[in-house]
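Coordinate inspection notes
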2 protein chains.
Amino acid sequence: MITKKAEYAIIILTELASHPQGTVVTSKEIARSRALPPNLVVQLLAVLKEEGWTGGTRGPSGGIKLLVDPSEINLRQVIEIIDGPIGITRCLFSDTPCQNKTHCSLRGVWARAQNNMLSVLEEVTIRDLAEKAPRDC
Amino acid sequence: MITKKAEYAIIILTELASHPQGTVVTSKEIARSRALPPNLVVQLLAVLKEEGWTGGTRGPSGGIKLLVDPSEINLRQVIEIIDGPIGITRCLFSDTPCQNKTHCSLRGVWARAQNNMLSVLEEVTIRDLAEKAPRDC
DNA sequence: ATATAATATAACCAATCTAGTTATTTATAA
DNA sequence: TTATAAATAACTAGATTGGTTATATTATAT
């Protein structure tokens, strides 16, 4: 399952993308305006920063800003950064087809189902969300 | 995530479907031939029985058999019987769009992604698996 | 300079879920 | 009547989730 943390990270990026480029927003402000747990916002920003997507300046009048074009970040990327690799079944995490059987038709079904899902998550970007919905979940 | 239990249930049904109609198989035989934990097989068969898909006769020379046409059972059904409703995010479990916002574009994305996945799981039946793969995960 | 506002980092925790195990009961064929 | 098999129920260790708490660090307004 896609975790709430991943969802929160998407919302944080969307919030940042909905501010004029170059301006900074404090993590508390992000948390308040999107009704997210403030401590989680800080925690997630650390991961987004590590990815190079966001950066912050400290001290009074400091804050966070987006460092990349929001159209360059799709939802699959955000989810995988926060949650790790996506897999709708455990089967898809192991790189060898289950145990000692040569091929596994179930695995093929899982893979097709998952790819169908991922194609949607890949084609939607943070920019899309920022444009279409000023305020989200 | 689709649990191993759901996957096991699919495998159990596939195993049953790969035997001549009307013949019975013991739960231990199912477990052995597909390398599943025997106790879990028993546990899952209880659920499948409740659904009316399988039935058993007790005692010596007893066993389990399929009660319905395997082409009538698709993977989505099995997963939902075992795991409960499918949701790739928590958001999709609540029937009201998040909190106090009128609409949520993220929710729409999740729904589209999930439906793309489900369409694959709905179009594949136990019969398909039984035909294409004698032995699976 | 220095208090303060803010990011940044790390460790911790309760509740739930997963993937089982164990034990007991009931029905039936031989 | 007894061995065999399904059926039912309760329990459990370990992992994951969705947080909280505590502390360190840094930049800037005064």
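In case you missed it, the structure is sitting above this.
Here's what I pulled together on the structure shown here. (Residues numbered from 1 in each chain as written. Chains lettered and ligands numbered in written order. Predicted model: local features only at pLDDT ≥ 70, side-chain atom pairs only at ≥ 80, totals over all residues. Heavy atoms only, no water.)

**Quick notes on the packing of helix α2 (residues 27-34) of chain A against helix α3 (residues 38-50) of chain A**
Residues and elements named next belong to chain A. Stated formally: Lines fitted to C-alpha atoms define the axes here, with helix axes fitted over just the stretch in contact, and angles between the N-to-C directions of these axes take values from 0 to 180 degrees. The helix and strand labels rest on DSSP assignments: H or I over at least four residues marks a helix, E over at least two residues marks a strand, and numbering proceeds from the N terminus. For classification purposes, angles smaller than 35 degrees are called roughly parallel, those larger than 145 roughly antiparallel, those between 65 and 115 roughly perpendicular, and all remaining angles oblique. Each crossing is labelled by how the near helix is turned from the far one, with a counterclockwise turn of less than a right angle marking it left-handed and a clockwise turn marking it right-handed. In this analysis, two residues are considered to be in contact whenever any of their non-hydrogen atoms come within 4.5 Å of each other.
Across the interface, α2 lies against α3 with an axial gap of 9 Å and an inter-helix angle of 125°. On the basis of the axis angle, α2 is oblique to α3. Crossing of α2 against α3: the hand is right-handed. Counting all contacts with α2, which are made through Ser27, Ile30 and Ala31, the residues of α3 involved are Pro38, Val41, Val42 and Leu45.

**Section: the protein's contact with DNA strand D**
Here is the rule: Whether a residue is near a molecule or strand is decided by its heavy atoms; if any one of them lies within 4 Å of it, the residue is near. Throughout this description, a polar contact denotes any pair of N or O atoms lying within 3.5 Å of each other; where both atoms belong to protein, one of them has to be capable of donating a hydrogen while the other can accept it, and for residues adjacent in sequence the pair is counted only when both atoms sit in side chains.
DNA strand D sits among 25 residues. The nearest are Asn39(A), Arg58(A), Ser27(B), Arg58(B) and Arg90(B). Taken together, the sugar and phosphate atoms account for 68% of what DNA strand D places within 4 Å of the protein. Contacts to DNA strand D include Lys5(A), whose side-chain N or O atom sits 3.2 Å from a base nitrogen. A distance of 2.7 Å separates a phosphate oxygen of DNA strand D from a polar atom in the side chain of Tyr8(A). The set of elements that each furnish at least two residues to the surface near DNA strand D consists of α1 (4-17) and α3 of chain A together with α3 (38-50), β1 (54-57) and β2 (63-66) of chain B.

**Observations concerning α1(A)**
Residue and element names in this part refer to chain A. Applicable threshold: To estimate the expected span of a helix, count its residues, drop one, and scale the result by 1.5 Å. Under the scheme applied here, a residue whose accessible area is under 20% of the maximum for its type counts as buried, over 50% as exposed, and between as partly exposed, the area being computed with a 1.4 Å probe on protein chains only.
The end-to-end C-alpha distance of α1, which contains 14 residues, comes to 20 Å, matching closely the 20 Å that a straight helix rising 1.5 Å per residue would cover. Here α1 lies mainly inside the structure; 12 of its 14 residues are buried. The complete set of buried residues in α1 reads Ala6, Glu7, Tyr8, Ala9, Ile10, Ile11, Ile12, Leu13, Thr14, Glu15, Leu16 and Ala17.

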